[in-house]
Amino acid sequence: MSLDPATVRRIAKLARIRLTDDEVPRLEGELNAILGYVEQLSEVDVDGVQPLSGGAQMAMRLRDDAVTDGNYPDKILANAPDRIGNFFAVPKVVE
Amino acid sequence: MTMLDMSIAEALAALAAKKISAVELTDAHLTAVEALNPRLNAFITITADQARAQARAADAARAAGDAPALSGIPIAMKDLFCTEGVRTTAGSNILEPFIPPYESTVSARLKAAGAVMLGKANLDEFAMGSSNITSAYGAVENPWQRDDGAKLVPGGSSGGSAAAVAARMAMGATGTDTGGSIRQPAAFTGIAGIKPTYGRCSRFGIVAFASSLDQAGPMARTVEDCAILLGAMSGFDERDSTSADRPVPDFRAACARGVQGLRIGIPREYRVDGMAPEIETLWQSGIDWLKRAGAEIIDVSLPHTRYGLPVYYIVAPAEASSNLARYDGVRFGARVDGADLIDLYERTRAAGFGAEVKRRIMIGTYVLSAGYYDAYYLRAQKVRALMLRDFNQAFAKVDAILTPTAPSAAFAIGEKMDDPVTMYLNDVFTVPSNLAGVPAMSVPAGLDARGLPLGLQVIGRHFDEETVFAVAGALERAAMFTAMPAVRAGAGS
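Asker: Could you give an account of the overall build of chain B, with specific residues and numbers?
Answerer: Along the backbone of chain B there are 16 helices and eleven strands. Against the compact-globule benchmark of 23 Å for 493 residues, chain B has a radius of gyration of 21 Å, which places it among compact chains. Taken along the three principal axes of its C-alpha coordinates, chain B extends 65 × 55 × 50 Å. Buried residues in chain B amount to 66% of all 493 residues. Of the contacts made within chain B by residues no fewer than 6 positions apart, 77% connect residues no fewer than 24 positions apart. Of the roughly 15,200 Å² of accessible surface on chain B, a fraction of 51% belongs to carbon and sulfur atoms. Seen as two clouds, the 47 positive and the 52 negative side-chain charges of chain B have centres 2 Å apart.

Asker: Tell me about the overall build of chain A, and name the residues and values.
Answerer: Counting its regular elements, chain A contains three helices and two strands. Counted from the first residue to the last, chain A has its helices and strands arranged as α-α-α-β-β. Taking 95 residues into account, the globule formula puts the C-alpha radius of gyration at 12 Å, and chain A, at 22 Å, lies well above it. By its C-alpha atoms, chain A is 55 × 45 × 25 Å across when sized along the principal axes.

Asker: Hey, could you go over helix H7 (residues 223–233) of chain B for me, with residue numbers and the actual values?
Answerer: Residue and element names in this part refer to chain B. Burial analysis of H7 places nine of its eleven residues in the buried class, which makes it a mostly covered element. Taken together, the buried positions of H7 are occupied by Val-223, Asp-225, Cys-226, Ala-227, Ile-228, Leu-229, Leu-230, Ala-232 and Met-233. With its phi angle positive at about 130°, Gly-235 sits one or two positions after the end of H7.

Asker: Could you give an account of the interface of chain A and chain B, naming the residues involved and the relevant values?
Answerer: Listed by partner, the interface residues are 54 residues for chain A and 69 residues for chain B. Taken together, both faces of the contact between chain A and chain B bury some 5,400 Å²; the carbon and sulfur share is 68%. Contact with chain B buries surface across chain A, with Arg18(A), Leu41(A) and Asn79(A) losing the most and accounting together for 13% of the total. Run the count over chain A and chain B and you get seven salt bridges. Glu43(A) is paired through a salt bridge with Arg306(B); the nearest N and O atoms lie 3.1 Å apart. Inspection of the chain A/chain B interface yields 16 residue pairs in polar contact (both at pLDDT 80 or more). Counting only elements with at least two residues in the side of chain A that touches chain B, the list comes to helix H1 (5–14) and helix H2 (23–38) of chain A. Per element, the largest residue contribution to the side of chain A that touches chain B is ten residues, and it comes from H2(A).

Asker: Could you give me a rundown of a nonpolar patch on the surface, with the residues and numbers involved?
Answerer: Residue and element names in this part refer to chain A. Among the surface-exposed residues, Tyr-72, Ile-76 and Phe-88 lie close enough to one another that they form a single nonpolar patch of about 250 Å² accessible area. Looking at where Phe-88 falls in the secondary structure, it is placed in strand S2 (residues 87–88). Given a relative accessible area of 32%, Phe-88 falls into the partly exposed group.

Asker: Describe the pattern of salt bridges, naming the residues involved and giving the relevant values.
Answerer: Under the criterion given, the structure shown has 35 salt bridges over all chains. Close ionic contact of Glu96(B) with Arg87(B) constitutes a salt bridge, the shortest N to O distance being 3.3 Å. The exposure class of Glu96(B) is partly exposed, given its relative accessible area of 38%. Among the residues examined, Arg87(B) registers a relative accessible area of 22% and is labelled partly exposed. Across the pair Arg252(B) and Glu224(B) runs a salt bridge whose closest N-O atoms are separated by 3.0 Å. With a gap of 28 residues between them, Arg252(B) in helix H8 (residues 251–254) and Glu224(B) in helix H7 connect regions that are remote in the sequence. On the basis of relative accessible area, Arg252(B) is assigned to the partly exposed category, the value being 36%. Connected via shared salt-bridge partners are Glu23(A), Arg26(A), Glu30(A), Glu356(B), Lys358(B), Arg359(B) and Arg360(B).

Asker: Pulling in residues and values, what's your account of the nonpolar core?
Answerer: Residues and elements named next belong to chain B. Counting residues in hydrophobic clusters, the biggest one holds 191 residues, and the most contacted among them are Leu-70, Ile-73, Leu-110, Phe-126, Leu-402, Met-441 and Phe-469. Among the elements that line this core, the one with the most residues is helix H13 (residues 373–394), at ten residues. Once residues lying within four places of it in the same chain are set aside, the contact partners of Ile-73 are Ile-8, Ala-11, Leu-12, Leu-15, Leu-25, Gly-114, Ala-115, Val-116 and Met-171.

Asker: Can you break down the pairing of strand S9 (residues 400–404) of chain B residue by residue, with the values?
Answerer: Residues and elements named next belong to chain B. Taken across its five residues, S9 has five buried, putting it largely inside the fold. By the alternation rule, side chains of S9 split into Ala-400, Leu-402 and Pro-404 and Ile-401 and Thr-403, which are all buried. Bridge count between strand S7 (residues 263–267) and S9: two bridges; the pairing is parallel. Each bridged residue has a counterpart across the sheet, and for Ile-264 the counterpart in S9 is Ala-400. Alignment of S9 against strand S11 (residues 453–460), held across five bridges, turns out to be antiparallel.

Asker: If you had to explain the packing of H1(A) against helix H12 (residues 355–368) of chain B to someone new, which residues and values would you point to?
Answerer: Close contact between H1(A) and H12(B) brings their axes to 9 Å; oriented N to C, the two are set at 95°. On the basis of their axis angle, the class for H1(A) and H12(B) is roughly perpendicular. Touching Thr7(A), Val8(A), Ile11(A), Ala12(A) and Leu14(A) of H1(A) are Met362(B), Thr365(B) and Tyr366(B), all from H12(B). Split into classes, the residues belonging to the contact of H1(A) with H12(B) amount to six nonpolar, two polar and no charged.

Asker: Report on the packing of helix H4 (residues 105–112) of chain B against H7(B), specifying residues and quantitative values.
Answerer: All names here are of chain B. Remark: H4 packs on H7, axes separated minimally by 8 Å, with the N-to-C direction vectors making an angle of 110°. With respect to H7, the element H4 is oriented roughly perpendicular. On H7, the residues that touch Val-106, Arg-109 and Leu-110 of H4 are Leu-229, Ala-232 and Met-233. Taken together, the residues of the contact of H4 with H7 break down into five nonpolar, no polar and one charged.

The rules behind the values
Residues numbered from 1 in each chain as written. Chains lettered and ligands numbered in written order. Predicted model: local features only at pLDDT ≥ 70, side-chain atom pairs only at ≥ 80, totals over all residues. Heavy atoms only, no water. Helix = DSSP H or I, 4+ residues; strand = E, 2+ residues; numbered from the N terminus. Rg over C-alpha atoms; globule rule 2.2 N^0.38 Å. Buried < 20%, exposed > 50% of the residue type's maximum accessible area, 1.4 Å probe, protein only. Contact = heavy atoms within 4.5 Å. Areas by Shrake-Rupley, 256 points an atom, 1.4 Å probe, with all protein chains shown as cover. Lys, Arg positive; Asp, Glu negative; His and termini not counted. Charge placed at Lys NZ, Arg CZ, Asp CG, Glu CD. Buried area = accessible area lost by both parts, 1.4 Å probe. Salt bridge = Lys/Arg side-chain N within 4 Å of Asp/Glu carboxyl O. Polar contact = N/O pair within 3.5 Å; in protein donor to acceptor, adjacent residues only side chain to side chain. Patch = residues over 30% accessible without salt bridge, like charges linked within 9 Å, V, L, I, M, F, W, Y side chains within 5 Å. Core = buried A, V, L, I, M, F, W, Y, C linked by side-chain atoms within 4.5 Å. Pairing = 2+ DSSP bridges. Axes fitted to C-alpha atoms, helices over the stretch in contact; angles between N-to-C directions. Parallel < 35°, antiparallel > 145°, perpendicular 65-115°, else oblique. Nonpolar A, V, L, I, M, F, W, Y, C, P; charged D, E, K, R; others polar.

Read these as spatial facts, not as claims about activity.
Written as structure tokens, this is what we have:
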């Protein structure tokens, strides 16, 4: 499987990363090298193997469904690049 | 011996005996930081005022009879741990303005144990790298020098932590290890470092890279110092859903236990092509040392070892692409304005992330995308399960496993940088323990022909860091590694 420039642009779009035109061929080469390297996994027999998703050898813990934190909007907004009152501000989304 | 050459254990004894004060110890280290950081670039942020205040508080507390486990010990904090009120960058431009309103659990525990934070240590951007050259705040220089005088990398991603400890700018440091980021820099700088079992240290407040692999751990100049630090860093935290609700053993006591009667596994698959002959020789020395100390050496097989890197380079980018989706220029971090919201996201992320981070986000996005998920991500998770099975089968026969830490000594800035895959090969011996979640430690064990340090790695069973410390302690006593880097505080250079 080999990525073409159009696929590189599509992935960048999905990842929300703007690419310049000269970045595309470089990334195409690098991503194809990585995908070529991981290709060797296709030789492993994984029939009937349950996938391992986590590092923890235990069941996921549950906690009480209760509000235990909050009520400090100024702390939450202290790092906001732009704010209006107690809201994060972004460019207009709906015309 | 100056204060700067003391181990943490020795400094704690000197503090307890009132031979030195925490203020003196901190001032000596801050002076070292001031002298060496312009060259080594080990710290992104230096918190001198806060450190002096913490040292004064430690002296006052000790005078009042209260001296917790690390009272007055100056350490470096990898700049991946959120520290309340102190800028936390993760080595990235996108977090350049970020001042966390909260403290990570690990740094809070160290603070509560009386440790003094000298500053935030440099690292590869978002901990993605094996050389510390991907940091947006500049590369870190390894304090060790090679015979040709080339500037060497300290390893990565915890390269600033490693350089600071090796150069005597800090007595210990925190690191994080997703695929070798504590152990490989420890080996490259002649210090010790342990990645504990997944779940041992809380991940709360650590900037996430790959959540199923990330684990915090200590770096220090002796095995015992790592044990002291890990004891303070470990423990259950309800704010991390994968934190292990288990008691924290006495790691320090385990260091002196010895290896009499222990069974040590030697995995044949770790003899890889292109490994430096000196590493092969050092590995054999490690085997001989443990045998002489009373251990039984047993050949074991970890048949899926060679698939560790390809699994890692699917799983880690996949998790990273999800974790790093939060950096969108809206709630925190840097923003680049755009015509609309999508434009803002794309411009913010294009400007905020470096090349290696973009590469990994894109690989991760691709392997999780519709049509490719099964072929890449799901298959990688299945091979990951086989790697865990390999370890479980080996640990039915042995108590610990001995391997080299890295396939080479530290390389020069500019070497191994032809393509991403060549750089990734650095992690061939360290990645499998992250995938399986088992603890693993690097111990400085010798020098190569060019005078550079090499490390041996001890891998243990889940939650059996005590045996890892016991074996690492035995290796340390046998290796008698006393070499010091050319660039260090007090060396007069």
